[in-house]
Structure formats: C-alpha cells, structure tokens
Amino acid sequence: LDLTNYAQIFTQQAFGLNILNSMLVAIVVVTVSLFLGMTAAYALARMRFRGRGPMLFLILAVSMFPQIAVLSGMFELVRALGLYDRLPGLMLANLVLTLPFTVWILTTFMRELPKELEEAAITDGATPWQTTRLVFLPLMLPAMVPTGLLAFILAWNEFLFAFTLTLSSESRTVPVAIALLSGGSRQELPWGPIMAASVVVTLPLIVLVLIFQRKIVTGLTAGAVKG
C-alpha cells in the first residue's frame, strides 16, 4: 500500500480547493434545479393555461442540444454578466444542463399524484405555494432524490463549461484539474496521480449512492404497480 500519489495531488497543486469548488457548484446547482423544477412541475402538471404542452416539450428540447452548440452563447452571456472565471458562472451554465430533465421528471411524477390531495388543501384555504410545500413536497421525495442525484453527478463531472469558463486554479473544478495533470507527451503522463485523483473524485458519488440507495429504489419503482 502506497499513498504517495494521493499525497502528491494535494501537495503539488490546489486539488483540495478544486474539490470544494466542485462540491459547492454541484450543491447549488442541485438545490436551484430542484426548487425551480418543483415549482415549474406544479404549474405544468396542476394548472391549466394556454401553451402548457408546447412549453413542456420546449423545455425537453433544450436538453437535446449538445453542449458545444450553446458554448459560445453561454460564454458571451457569462462574460457580459461579469461571471467569467467565477463559480456563479459555472452554476449558471450547469443549470442549462440540469433544469430541463429535472422539470420533465418532476412534472411527470406530479401528474400521478391524486387530485383529491390538492382539492382538500384548497378547501382548507391553502395557497398554491403552501400546497406545493406542505402537501406535494413530502410525496415528491422519492422522485426528487434520484433526480437530484443525477443532477449532482452531471454538475460534478461537467468538463466543457468548466474548462471554458474558468481560467485560474482558484476557480477550477476537479474534472479540469485532473485534465491539467497531464504534462508533456503520452509517455510522460503522470498516471499515478491521475488515477489517484480519479479515485478521490469518485468517492463522493459512491457515498451519496450508498446513503440514498433506499430513496433511489423507491423513486425508480414508484408507479410500477397500481392497485
């Protein structure tokens, strides 16, 4: 057992700071995605208004574009907002990737909830926000956990936006930090530190899956049997 490579990635560069950056970006992206996805799901699944169907398909269509197709526009937007080489710029860019499928999944799940629950809440004088927060939110947890986990993995592993929208080592995330570990030619690549960094980056995802595995199974099997 030799931990030299693990020590090297933390001593020769700011890899610990890169992990914190990735963690912060992923947590904020998941939180905002679930909040906006939950409120949008209530509007799209429970309220009747003109253009609801086309709007839902438009949200889904956004996720069909590859990252490279929106990269130039996202770069100009981030630079115009003064967020280049800053973590809020990465958070904004990652929301483009996570919001469409979050809204779609939560809307589909919310449609399956009994309408009587909402009618009872309205009868008791609850507002739409109270209905969403107090009635639907506890019932949506089996769907929100796997959706949030998928959003976390996507934000944690995202490379193209992170590589384009960051410049300094203080703002880099772990995928970019691992990519920059490679130095010269292919024969000179530091495979030991690269593999050690890959293991360190994978550990948080394994821990999250182990913690929320019951919720993940519940969410994946919800609605499979109706009686």
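Residues numbered from 1 in each chain as written. Predicted model: local features only at pLDDT ≥ 70, side-chain atom pairs only at ≥ 80, totals over all residues. Heavy atoms only, no water.

Within the chain, the regular secondary structure consists of 11 helices and zero strands. Going from N to C terminus, the chain has its helices and strands arranged as α-α-α-α-α-α-α-α-α-α-α. Principal axes of the C-alpha set define a box for the chain whose edges measure 70 × 45 × 25 Å. Counting the 227 residues in the chain, one finds 37% classified as buried. Sequence separation of 24 or more characterises 79% of the internal contacts of the chain that already satisfy a separation of 6 or more. Carbon and sulfur atoms make up 68% of the accessible area of the chain, which totals about 12,900 Å². With 14 positive and 11 negative side-chain charges, the chain shows a spacing of 9 Å between the two charge centroids. (Helix = DSSP H or I, 4+ residues; strand = E, 2+ residues; numbered from the N terminus. Buried < 20%, exposed > 50% of the residue type's maximum accessible area, 1.4 Å probe, protein only. Contact = heavy atoms within 4.5 Å. Areas by Shrake-Rupley, 256 points an atom, 1.4 Å probe, with all protein chains shown as cover. Lys, Arg positive; Asp, Glu negative; His and termini not counted. Charge placed at Lys NZ, Arg CZ, Asp CG, Glu CD.)

Glancing now at the packing of aromatic side chains. Following the criterion strictly, the structure yields seven aromatic pairs and no others. For the ring pair Phe159 and Phe163, a centre distance of 5.4 Å and an interplane angle of 20 degrees mean the geometry is stacked. (Phe/Tyr/Trp six-rings, centres within 6.5 Å; stacked < 30°, edge-to-face > 60°.)

Quick look at helix H5 (residues 87–111) now. Since there are 3.6 residues in each turn of an α-helix, residues three or four apart along the chain are aligned in direction. Taking 1.5 Å of rise per residue, 25 residues should cover 36 Å, and H5 covers 35 Å from first to last C-alpha, within 8% of that figure. Roughly 40 degrees is the biggest bend found in H5, and it falls at Thr98, with proline Pro100 one to four residues downstream. (Expected span 1.5 Å × (residues − 1). Bend = angle between axes of the 7 residues up to and from the residue.)

Quick look at the pattern of salt bridges now. Applying the stated criterion across every chain yields a total of two salt bridges. Glu118 is paired through a salt bridge with Arg46; the nearest N and O atoms lie 3.7 Å apart. Of this pair, Glu118 sits in helix H6 (residues 115–123) while Arg46 is found in helix H2 (residues 15–46), placing the two residues 72 residues apart along the sequence. Accessibility classification places Glu118 together with Arg46 in one group, the buried group. The residue Glu76 makes a salt bridge to Arg79 at a minimum N-O spacing of 2.9 Å. Here Arg79 and Glu76 lie together in helix H4 (residues 67–80), a separation of three residues that amounts to about one turn. (Salt bridge = Lys/Arg side-chain N within 4 Å of Asp/Glu carboxyl O.)

Core analysis: the largest hydrophobic core is formed by 49 residues, its most contacted members being Phe15, Met110, Phe136, Met140, Trp156, Phe161 and Leu165. Every element with two or more residues in this core is listed here: H2, H4, H5, helix H7 (128–157), helix H8 (160–165), helix H9 (174–179) and helix H10 (191–211). In terms of residue count, the dominant contributor to this core is H2 (11 residues). Beyond its immediate sequence surroundings of up to four residues, Trp156 is in contact with Ile19, Ser22, Met23, Ala26, Val174, Pro175, Val201, Pro204 and Leu205. (Core = buried A, V, L, I, M, F, W, Y, C linked by side-chain atoms within 4.5 Å.)

Here we take up the confidence of the model for the chain. Of all residues in the chain, 92% have pLDDT values of 70 or greater, and the mean over the chain is 85. Here residues 223–227 is modelled with pLDDT under 50, and outside its nearest four sequence neighbours on either side it reaches one contact, counting other chains as well. (pLDDT = per-residue confidence, 0-100.)

Further remarks concern the packing of H4 against H5. Two packed helices can be described by the angle between their axes and the distance between those axes. At their nearest, the axes of H4 and H5 sit 11 Å apart, and the two run at 145 degrees to each other. By crossing handedness, the relation of H4 to H5 is classed as right-handed. Of the residues in H5, those in contact with Gln67, Met74, Leu77 and Val78 of H4 are Gly89, Leu92, Ala93, Val96 and Leu97. (Axes fitted to C-alpha atoms, helices over the stretch in contact; angles between N-to-C directions. Left-handed = near helix turned anticlockwise from the far one by under 90°.)

Moving on: the environment of Pro193. Checked against the element boundaries, Pro193 lands in helix H10. Taking the C-alpha atoms as reference points, Pro193 and Ile178, separated by 15 residues in sequence, lie 8.7 Å from one another.

So, on to the side chain of Glu158. With respect to the helices and strands, the residue Glu158 is situated in the loop between H7 and H8. Arg172 provides the closest opposite charge to the buried, unpaired Glu158, separated from it by 13 Å. Polar side-chain contacts of Glu158 include one of 2.8 Å to the side chain of Gln67. For Glu158, the residues in contact, after removing those within four places along its chain, are Gln67, Asn94, Leu97, Thr173 and Pro175. (Polar contact = N/O pair within 3.5 Å; in protein donor to acceptor, adjacent residues only side chain to side chain.)

Quick look at H4 now. With 14 residues, H4 should reach 20 Å at 1.5 Å per residue; the first-to-last C-alpha distance of 19 Å fits that figure. Where H4 bends most, at Gly73, the angle is about 30 degrees. Of the residues making up H4, those classed as buried are Leu71, Met74 and Val78. Contact partners of the buried residues in H4: H5 and H8. The first or second residue beyond H4 is Gly82, which carries a positive phi of 75 degrees.

As a further point, take the packing of H2 against H7. Running from N to C, H2 and H7 point in directions that differ by 140 degrees, and their axes come no closer than 8 Å. Between H2 and H7, the crossing angle belongs to the class labelled oblique. Crossing handedness for the pair H2 and H7: right-handed. (Parallel < 35°, antiparallel > 145°, perpendicular 65-115°, else oblique.)

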